[in-house]
Amino acid sequence: HALNPQPGEVILDMCCAPGGKTTHLASLMNDNGLIIACDKSRKKMISARDFFEANASCIVPLALDSTKGLLELKSGEEWKSPKEIIDT
């Protein structure tokens, strides 16, 4: 598993519908941690929310376009993955 999710971690899934990948992550984390699950389609998120509620309690579903929340890097600043930011 490339992401290698661990129990207690925080993960942002920016394109989560229909939900299989997100619930798989929750399973690998033993449903212990936080997964913020976003998708820009409200219709897909309503369906995914029901799927999440039946399969994992650590998932917070949000209907939003996650590309609208990207931050710009300051001059000279290097990009870090969210996992690197949380770990520091």
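Throughout what follows, the structure given in this document is the object of discussion. Small disclaimer: the values here were computed from a predicted structure and weren't measured. (Residues numbered from 1 in each chain as written. Predicted model: local features only at pLDDT ≥ 70, side-chain atom pairs only at ≥ 80, totals over all residues. Heavy atoms only, no water.)

**Some thoughts on the pattern of salt bridges**
Within the structure shown, the criterion is met by 2 salt bridges. For the salt bridge of Arg-49 with Asp-50, the shortest nitrogen-to-oxygen distance reads 3.7 Å. (Salt bridge = Lys/Arg side-chain N within 4 Å of Asp/Glu carboxyl O.)

**Observations concerning the pairing of strand β1 (residues 10–13)**
For a regular strand, side chains alternate in direction, first toward one face of the sheet and then toward the other. Only one face of β1 is buried, namely the one carrying Ile-11 and Asp-13, since none of Val-10 and Leu-12 on the opposite face is buried. Sheet topology places β1 next to strand β2 (residues 34–39); 4 bridges connect them, and they run parallel. Note that in β2 the partner of Ile-11 across the bridge is Ile-35. Considered for its hand, the β-α-β crossover made up of β1, helix α1 (residues 20–28) and β2 is right-handed. (Buried < 20%, exposed > 50% of the residue type's maximum accessible area, 1.4 Å probe, protein only. Helix = DSSP H or I, 4+ residues; strand = E, 2+ residues; numbered from the N terminus. Pairing = 2+ DSSP bridges. Right-handed = clockwise from strand over helix to strand, strands pointing away.)

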